[in-house]
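Coordinates in review
Spelled out, the chains give:
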Amino acid sequence: MTALEGPHTRSPAVPSATYRLQITAEFTLFDAAAVVGYLAELGVGAVYVSPLLRSTTGSSHGYDVVDHGLVDPDRGGDAGLARLAQECRAAGLGLVVDIVPNHMGVAVPSENRAWWDVLQCGQTSRFARWFDIDWQIAAGKILIPVLGDDADPATDLTVADGELRYYEHRYPIARGTGEGSPAAVHDRQHYRLISFRRADTAQNYRRFFAETDLASLRVEDPVVFDATHTEILRWVSDYGVTGLRVDHPDGLLDPGGYLDRLAAAAPSCWITVEKITEPGERLPPAWPVAGMTGYDALSEVNALLLDPGAEGGMTALYVELTADDLDFEQQIADGKRVVATTILQAEVRRLARFVPEVDDALAALTELTIAFPVYRSYLPLGAEYLAQAVQRATARQPQLSTAVDALLPRLSDPTDELCVRFQQLTGAIMAKGVEDTAYYRYTRFIGLNEVGGYPGRFGSGITEFHTAQLRRTELSPAGMTTLSTHDTKRGEDIRARLAVLAEMPDAWGDTARRLMSLRPIPNAAFGYLLWQTAVALPALPGPTAQAALPALPAPGAPRAPAELPATQDPTALAALLEPVPDPRRDRFQAYAEKAMREADVETGWIDQDKTFETAVYVAVSAAFDNAETHELIKTMFALIEPHSWVNSLSQKVIQLTMPGVPDVYQGSELWEDSLVDPDNRRPVDFVSLHAALTALTAPPALDGTALAKLWVVSRALRARREHPELFTRYTPLVVDGPMQKHLVAFDRGGAITLATRLPVGLSDAGGWGDTTLTLPPGRYRDTFSGSAFTDELGVADALDRYPVALLLAEKS
């Protein structure tokens, strides 16, 4: 590891690369310790793990912390962390831990001592200062939106073992208030159980986004910071944790102040923040962190694989098939309006309560949050974004100009609570309105609909990519880069396949038209998303393959028999559908269900439209069971697959060697074919991975096995770890010849990356021809193929075996 260089005085050790592991009850810290040897052999510099503090029982992710005082026993406990730290030290690897300062899990109050005490004691609880609760409404009671539509407190509430209960939900009873009927007991508590539907309008504790089960913390209070970070800091001092990844700092009242306190408490730690920036936006320069967690880098690499020249044709096809002619900015506004007026309306109403004297304050604040162009400001930093929001909001809703003018002085004052809470809220509305709504509605090209991306911009050129890397080298050379995470909308190799579609507009257009005609879905834009996903998924088994599938528990997912007419009413088909035990079917169906409900157009999470959902399930099943539908998907996949291998290796090598600290998400050293969470958190077979890596003694063929990707990943990671001196700067290299737009080439200071882009066009043109690259002085050897090069390099020769090369300068 190397020392961090930058504007801050801190000098933590920076890993050469990280490897993200999802720690769960099924893959514990002891299991993580057992794979450290494999990760060291792979070539990483640090093991990077998901949150470790005790979380809600059964949690699959760990972001719902219920106890800040101990490592989750279900995930291996303190002994497991000690073992992992010991193995990392022995292997010479760092250990990075994901931490969650913004919120706690409150789904099961009895598991969260602090929340239980607040519910029991109200404002007199010593933990009341922990949580961001608006005590000024609901007669000073915490509103818990848990009751069902038909709930009757007189009959559905019970008292047992000194607790108030609503079915499986358990709540404390304040001292001296337990006498009488359950309904009477309920009325005496410091909380009130209300309909789950009122979470959108009557919530009075700040949440993580719109998650009622995650209550936000006030870590700006030094007492709360100390109580929630003592155990984490013990890991640093006792176990040698070398890095911290901070989840969702934008939700905090004062992100910069929090990070200053954290950096001072852990001066030896490499700190990164999960922060999403919009095009042109930069991380606040005063933050004492190495950088972000890589979504910006993902967006840059993702766009590089797409030819901006394909935009016109892909847009025309999208409009033809969906009749959606809205641009992405309008989709953003529509998506943000949906969440600001529904699932996050309670938070906007809380803002309006600060300004009862302003007429139309609620409408004006709603419009300003919709119009805000980035996740949030950190006033005085970011004042220009507030100005842009005012301009947009008043242009869209001129009748609100007077209200906006009245609000502006307070929204501009960082000492005003209205301003502080507005800054906390805009990020939530952006995340839910764009990533979790607009991304499922605007489906022109879903490979761009990724966390940290901007789907309104179709691809980028090589020059733009180089400019971004020069900026990264200057501003955050030790920030993280990534291609896949536990939060990405689809795995990196799904995106690599989708990128090929833009190079085959005619073939893809014909296939898409037939698929949408065969299995029409009432919302055509969603149907287009579904079929893009289908052709990018690997090897969907067809009707004749069902007998060979393993017998897995049926998920209850419906399917349409292959011979049913495509035009039959989906509602009428429902009674004929039957479950089919296939893991790929389960995954595709689960994805389709989440996607259509997130889009919140025809159906949603609260109220489902069964007719629409059945139509979607029928289409999903047709991908497997209907011979004609399946053959269309299979044929398109076969066309794109060989070219997608080129994209997969290229994007991976670029990400592993570009400025920054590359992260490899668990299992993505092979094809990463995951869909949105929880699909991207599936277990990884590390035994097979280690065996495959050990068996790789020579460059394997580039084929569907993905062994070539494992080879390239391991050799690039080892190069970064063993030769850090070759990765210290960034110089774009000039390519000469007819195919220059197909080669990305840069010199990191002795390590030269060559990567192919737009492989279909390259193939159609007959290959590299006499395209050349003049190397800097010296002799270079490709770490992938072993070939040596000097002076002028023929690209066809350098990329004879693989579409990528990593040339390392040899010592003279």
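The structure displayed is predicted, hence computed values, not measured ones.

Basis of the calculations
Residues numbered from 1 in each chain as written. Predicted model: local features only at pLDDT ≥ 70, side-chain atom pairs only at ≥ 80, totals over all residues. Heavy atoms only, no water. Helix = DSSP H or I, 4+ residues; strand = E, 2+ residues; numbered from the N terminus. Rg over C-alpha atoms; globule rule 2.2 N^0.38 Å. Buried < 20%, exposed > 50% of the residue type's maximum accessible area, 1.4 Å probe, protein only. Contact = heavy atoms within 4.5 Å. Areas by Shrake-Rupley, 256 points an atom, 1.4 Å probe, with all protein chains shown as cover. Lys, Arg positive; Asp, Glu negative; His and termini not counted. Charge placed at Lys NZ, Arg CZ, Asp CG, Glu CD. Pairing = 2+ DSSP bridges. Core = buried A, V, L, I, M, F, W, Y, C linked by side-chain atoms within 4.5 Å. Axes fitted to C-alpha atoms, helices over the stretch in contact; angles between N-to-C directions. Salt bridge = Lys/Arg side-chain N within 4 Å of Asp/Glu carboxyl O. pLDDT = per-residue confidence, 0-100. Polar contact = N/O pair within 3.5 Å; in protein donor to acceptor, adjacent residues only side chain to side chain. Parallel < 35°, antiparallel > 145°, perpendicular 65-115°, else oblique. Left-handed = near helix turned anticlockwise from the far one by under 90°. Nonpolar A, V, L, I, M, F, W, Y, C, P; charged D, E, K, R; others polar. Phe/Tyr/Trp six-rings, centres within 6.5 Å; stacked < 30°, edge-to-face > 60°. Lys NZ or Arg CZ within 6 Å of the ring centre and 35° of its normal.

Quick word on the overall build of the protein
The secondary structure content of the protein amounts to 29 helices and 27 strands. For the protein, the C-alpha radius of gyration of 27 Å lies close to 28 Å, the compact-globule estimate for 812 residues. The buried share of the protein, taken over its 812 residues, is 60%. Look at the contacts in the protein between residues 6 or more apart in sequence, and 73% of them connect residues 24 or more apart. In the structure as shown, the protein presents an accessible area of about 29,700 Å², 52% of it carried by carbon and sulfur atoms. Taking the average place of the 72 positive charges on the side chains of the protein and the average place of its 106 negative ones, the gap between the two points comes to 3 Å.

Quick word on the pairing of strand 24 (residues 751–756)
In terms of residue burial, strand 24 counts as a mostly covered element, since six of its six residues are buried. Turn length for the strand 23 (residues 743–747)-strand 24 hairpin, with the two strands adjacent in sequence and antiparallel, is three residues, and the turn residue Gly 749 shows positive phi of about 110°. Strand direction decides the pairing type here: strand 24 and strand 27 (residues 804–809), joined by five bridges, are antiparallel. By the bridge assignment, Ala 751 is partnered in strand 27 with Leu 808.

Some thoughts on the nonpolar core
In terms of nonpolar packing, the biggest core is built from 119 residues, with Leu 21, Trp 115, Phe 131, Ile 142, Ile 144 and Trp 235 touching the most fellow members. Per-element tally for this core: the top contributor is helix 27 (residues 707–722), with eight residues. Dropping the residues within four chain positions of it, Trp 115 is found in contact with Val 106, Pro 109, Phe 131, Ile 133, Ile 142, Ile 144, Tyr 205 and Ala 215. Formed by 104 residues, the second largest nonpolar core is a distinct cluster that contains Leu 321, Met 504, Ala 623 and Ile 633.

Side note on the environment of Glu 41
Along the chain, Glu 41 falls in helix 2 (residues 36–42). In sequence terms Glu 41 and Val 355 are 314 residues apart; their C-alpha atoms lie 60 Å from each other. Residues within four places of Glu 41 in sequence aside, it is in contact with His 690, Leu 693, Thr 694 and Arg 718.

Points about the environment of Ala 698
Mapped onto the elements, Ala 698 comes out in the loop between helix 26 (686–695) and helix 27. Along the backbone, Ala 698 and Leu 754 are 56 residues apart, and their C-alpha atoms lie at a distance of 20 Å.

Notes on the sheet that holds strand 12 (residues 169–172)
Reading across from one edge, 10-11-12 is the order of the three strands in this open sheet, with antiparallel pairing throughout. Looking at which strands have only one partner, the edges of the open sheet turn out to be strand 10 (157–160) and strand 12. Each strand axis lies, on average, 30° off the axis of its neighbour in the sheet, ignoring direction. Sitting on the sheet, helix 4 (residues 113–121) is in contact with strand 11 (163–166) and strand 12, with an inclination near 60° to strand 12.

Notes on the pattern of salt bridges
The full count for this structure, using the stated rule, is 52 salt bridges. Linking Arg 197 and Asp 607 is a salt bridge whose minimum nitrogen-to-oxygen distance equals 2.9 Å. Of the two residues, Arg 197 is situated in the loop between strand 13 (191–195) and helix 7 (199–202) and Asp 607 in the loop between helix 23 (583–599) and helix 24 (610–625); the sequence distance between them amounts to 410 residues. Exposure remark for Arg 197: the relative accessible area of 34% places this residue in the partly exposed category. The closest approach of N and O atoms between Arg 337 and Glu 367, which form a salt bridge, is 2.8 Å. Of this pair, Arg 337 sits in helix 12 (residues 328–340) while Glu 367 is found in helix 14 (residues 361–371), placing the two residues 30 residues apart along the sequence.

Remarks on the sheet that holds strand 8 (residues 103–105)
Taken together, three strands build an open sheet; the order of strands is 8-15-14 and the sheet is antiparallel. The sheet is open, and its two edges are formed by strand 8 and strand 14 (207–208), each paired on a single side. One ladder, built from three bridges, connects strand 8 with strand 15 (residues 211–216); its direction is antiparallel. Its bridge partner lying in strand 15, Met 104 is registered against Ala 215.

Some details on the confidence of the model for the protein
Low-confidence regions, as indicated by low pLDDT, have predicted coordinates that should not be scrutinised in detail. This prediction gives the protein a mean pLDDT of 93; 94% of its residues lie at or above 70. When the criterion is pLDDT under 50, residues 1–9 qualifies, and its contacts beyond four places in sequence or with other chains add up to 23 contacts. Every residue in residues 544–580 is under pLDDT 50, and counting partners more than four places away or in other chains gives 58 contacts.

Thoughts on the side chain of Glu 672
By the secondary structure assignment, Glu 672 is in the loop between strand 20 (661–665) and helix 26. There is no salt bridge for the buried Glu 672, and the closest opposite charge comes from Arg 682, which lies 4.8 Å off by N-O distance. A polar contact is formed between the side chain of Glu 672 and the side chain of Ser 674, at a distance of 3.0 Å. If we skip the residues at most four places from it in the chain, Glu 672 touches Ser 484, Gly 491, Glu 492, Asp 493, Ile 494, Tyr 665 and Lys 709.

Looking at the pairing of strand 12
When strand 11 meets strand 12, the two strands line up antiparallel, connected through four bridges. Pairing of Arg 165 across the sheet is with Arg 170, part of strand 12.

Some details on the packing of helix 17 (residues 417–441) against helix 23
Taken N-terminus to C-terminus, the directions of helix 17 and helix 23 make an angle of 110°; their axes are 7 Å apart at the nearest point. The angle between the axes of helix 17 and helix 23 places the two elements in the roughly perpendicular class. The chirality of how helix 17 crosses helix 23 is left-handed. Across the interface between the two elements, Lys 432, Asp 436, Thr 437, Tyr 440 and Arg 441 from helix 17 touch Tyr 591, Ala 595, Glu 598 and Ala 599 from helix 23. Considered class by class, the residues forming the contact of helix 17 with helix 23 number four nonpolar, one polar and four charged.

A look at the packing of aromatic side chains
Following the criterion strictly, the structure yields 23 aromatic pairs and no others. Arranged with centres 6.5 Å apart and planes meeting at 40°, the rings of Trp 130 and Phe 131 form a pair that is tilted. Both residues of the pair, Trp 130 and Phe 131, count as buried. Every member of this aromatic cluster is reached through a ring pair, and the members are Tyr 318, Phe 328, Tyr 439, Tyr 442, Tyr 454, Trp 508 and Tyr 528. Between Arg 20 and the ring centre of Tyr 48, over which it is positioned, the NZ or CZ distance is 4.8 Å. In this arrangement the basic side chain of Arg 261 is found over the ring face of Phe 225, its NZ or CZ atom lying 5.4 Å from the centre.

Focus: the packing of helix 20 (residues 505–518) against helix 21 (residues 524–536)
At their nearest, the axes of helix 20 and helix 21 sit 10 Å apart, and the two run at 120° to each other. Relative to helix 21, the element helix 20 is oriented oblique. The handedness of the crossing between helix 20 and helix 21 is right-handed. For the pair formed by helix 20 and helix 21, the contact residues are Trp 508, Ala 512, Leu 515 and Met 516 on the first element and Ala 524, Gly 527, Tyr 528, Trp 531, Gln 532 and Val 535 on the second. Among the residues forming the contact of helix 20 with helix 21, the class breakdown is eight nonpolar, two polar and no charged.

Looking at unusual backbone geometry
The omega angle of the peptide bond from Leu 379 to Pro 380 is 15°, so this bond is cis rather than trans. With omega at 10°, the peptide bond leading from Asp 677 into Pro 678 counts as cis. You will see that Ala 706, though not glycine, has its phi angle at about 70°, which is positive. Position of Ala 706 among the secondary structure elements: in the loop between helix 26 and helix 27.

Quick look at the side chain of Asn 523
Here Asn 523 lies in the loop between helix 20 and helix 21. For Asn 523, the side chain forms a polar contact with the main-chain nitrogen of Phe 526, separated by 2.9 Å.

Overview of the environment of Leu 214
Relative to the elements of secondary structure, Leu 214 occurs in strand 15. Sequence spacing of Leu 214 and Met 104 is 110 residues, and the spatial spacing of their C-alpha atoms is 5.4 Å. Leaving out residues up to four positions away in the same chain, Leu 214 has contacts with Tyr 63, Asp 64, His 103, Met 104, Gly 105, Val 106, Arg 206, Arg 207 and Phe 208.

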